[in-house]
Protein chains: 2
Amino acid sequence: MSRQKEVILGVLRAQRFHPTADEILLRARQRMPALALGTVYRNLKALCEEKKVRRIPMEDAPDRYDGFVEPHDHLVCTVCGKVYDVPPLQSKEALEAKLATRVDGYELKVYFTCPKCQAKN
Amino acid sequence: MSRQKEVILGVLRAQRFHPTADEILLRARQRMPALALGTVYRNLKALCEEKKVRRIPMEDAPDRYDGFVEPHDHLVCTVCGKVYDVPPLQSKEALEAKLATRVDGYELKVYFTCPKCQAKN
DNA sequence: AATGAAAGTGATAATCATTCCTATTTTATT
DNA sequence: AATAAAATAGGAATGATTATCACTTTCATT
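Residues numbered from 1 in each chain as written. Chains lettered and ligands numbered in written order. Predicted model: local features only at pLDDT ≥ 70, side-chain atom pairs only at ≥ 80, totals over all residues. Heavy atoms only, no water.

(A) Geometry of the packing of helix α1 (residues 3-14) of chain B against helix α3 (residues 37-49) of chain B. Residues and elements named next belong to chain B. Between α1 and α3, the least distance of the axes is 10 Å, while the angle of their chain directions is 75°. If you check the angle between α1 and α3, you find them roughly perpendicular. Along the contact surface, α1 presents Gln4, Lys5, Ile8, Leu9 and Leu12, while α3 presents Thr39, Val40, Asn43, Leu44, Ala46 and Leu47. For the contact of α1 with α3, the per-class residue count stands at 7 nonpolar, 3 polar and 1 charged. (Axes fitted to C-alpha atoms, helices over the stretch in contact; angles between N-to-C directions. Helix = DSSP H or I, 4+ residues; strand = E, 2+ residues; numbered from the N terminus. Parallel < 35°, antiparallel > 145°, perpendicular 65-115°, else oblique. Contact = heavy atoms within 4.5 Å. Nonpolar A, V, L, I, M, F, W, Y, C, P; charged D, E, K, R; others polar.)

Here it is, written out as structure tokens:
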């Protein structure tokens, strides 16, 4: 594991948040100023394949990345875009039973308006 | 509703499928050869806002569009990308109960390997 | 029928997240 | 230290989607 990869994973594990590749770059550069965005993307992809990191594909915004990979789903604020973790809302087994097929996985995003954004109206 | 918009909606309602903007353009041009891709995107966006069409955001491929808007979810083949309709697998109410929050909606995609693609191995 | 305002269009340029390319640097190995 | 292999930095390329804008179409009103 290269030093860059370690730093990137370190950023993602330092706190429970869901940054974009850009935000990861910014933070990682505090420790490694020459780090390139391409390197961030390349290592994020590798880390996802190694199941150390999870990508959260966003519909109308840059994808987010998650350094915590125990099963959980995401609650997304439609106003500010912030992402919250929630316990798993589905299970592969339940889906397989309902659909009567083998299932490879699922991607569930629940949309809501976070308390902060609600307060602003 | 402009003639272009009608044609685009017509394409989407003609059969139960989930084409990309490009595929919609191709089919619509059979009836309206001068139609522009920008016009397709513009009208798809409008139709989505009017709740006549539903966008299916894809993670690593162009988005799909769905002319049938009764509640249902999608089963996506990880190999060929084909999208199948399935009955709703969640309900806003159940999610609200589980999460103890108001919920605006959800987006669930279940991944599997379709029979055709399974057969090829 | 002529008008004028509003809405919609086609063509093309711009955007922007992500990927690709390549010369260079780092790392591991002998 | 020499060499090979792997990874990087930096920048250019890609490709889906949006924005722009001059021009047309629509349509209510005269």
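Past the structure itself, the notes keep going.
(B) Geometry of the sheet that holds strand β5 (residues 105-112) of chain A. A sheet is described by the order of its strands in space; here 6 strands give the open sequence β4(A)-β3(A)-β5(A)-β5(B)-β3(B)-β4(B), paired in mixed fashion. Every interior strand has two partners, whereas the edge strands, β4 (83-86) of chain A together with β4 (83-86) of chain B, have only one. Recorded for the sheet is a direction-independent mean angle of 25° between the axes of neighbouring strands. Relative to strand β5 (residues 105-112) of chain B, strand β3 (residues 73-77) of chain B runs parallel, the two being bridged by 4 bridges. Residue pairing for β5(B): B:Leu75 is matched across the bridge by B:Val110. (Pairing = 2+ DSSP bridges.)

(C) Broad picture of the relation of the copies chain A and chain B. Between chain A and chain B, which share one sequence, the superposing operator has a rotation angle of 180° and an axial displacement of 0.0 Å; the RMSD is 0.1 Å. On the angle and the small slide along the axis, the relation comes out as a two-fold axis. For chain A, the residue whose C-alpha comes nearest the rotation axis is A:Leu108, separated from it by 2.2 Å. Looking at the interface residues of chain A, 100% of them are also at the interface in chain B, so both copies use one shared face. (Least-squares fit on C-alpha atoms with pLDDT ≥ 70 in both.)

(D) Looking closely at the packing of aromatic side chains. One pass over the full model with this rule turns up 2 aromatic pairs over all chains. Geometrically, the ring pair formed by B:Tyr84 and B:Phe112 is edge-to-face, given 5.7 Å between the ring centres and 85° between the ring planes. Residue B:Tyr84 is located in strand β4, and its partner B:Phe112 is located in strand β5; the two are separated by 28 residues in the primary sequence. In this structure, A:Arg16 packs its charged tip against the face of A:Phe68, placed 4.3 Å from the ring centre. (Phe/Tyr/Trp six-rings, centres within 6.5 Å; stacked < 30°, edge-to-face > 60°. Lys NZ or Arg CZ within 6 Å of the ring centre and 35° of its normal.)

(E) Examining the protein's contact with DNA strand C more closely. In the neighbourhood of DNA strand C, the contacting residues comprise A:Leu37, A:Tyr41, A:Pro62, A:Asp63, B:Ser2, B:Gln4, B:Ala34, B:Leu35, B:Ala36, B:Thr39, B:Arg42 and B:Asn43. B:Ser2 has a polar side-chain atom sitting 2.5 Å from a phosphate oxygen of DNA strand C. Between DNA strand C and B:Arg42, the relevant distance is 2.9 Å, taken from a phosphate oxygen to a side-chain nitrogen or oxygen of the residue. Contributions of two or more residues to the surface near DNA strand C are made by α3 (37-49) of chain A together with α3 of chain B. Among the elements that make up the surface near DNA strand C, the one with the highest residue count is α3(B) (3 residues). (Near = heavy atom within 4 Å. Polar contact = N/O pair within 3.5 Å; in protein donor to acceptor, adjacent residues only side chain to side chain.)

(F) Structural context of the pairing of β4(A). Residue and element names in this part refer to chain A. Here 4 bridges tie strand β3 (residues 73-77) to β4, and the two strands are oriented antiparallel to one another. Residue pairing across strands places aspartate 73 opposite valine 86, the latter belonging to β4. The hairpin turn running from β3 into β4, its antiparallel successor, is 5 residues long, and glycine 81 in that turn takes a positive phi close to 85°.

(G) Inspection of the protein's contact with DNA strand D at higher detail. DNA strand D sits among A:Ser2, A:Gln4, A:Ala34, A:Leu35, A:Ala36, A:Thr39, A:Arg42, A:Asn43, B:Tyr41, B:Pro62 and B:Asp63. Backbone atoms, meaning sugar plus phosphate, form 83% of the atoms of DNA strand D positioned within 4 Å of the protein. A:Ala36 places a main-chain nitrogen or oxygen 3.3 Å from a phosphate oxygen of DNA strand D. For the surface near DNA strand D, a count of residues per class yields 5 nonpolar, 4 polar and 2 charged.

Read these as spatial facts, not as claims about activity.
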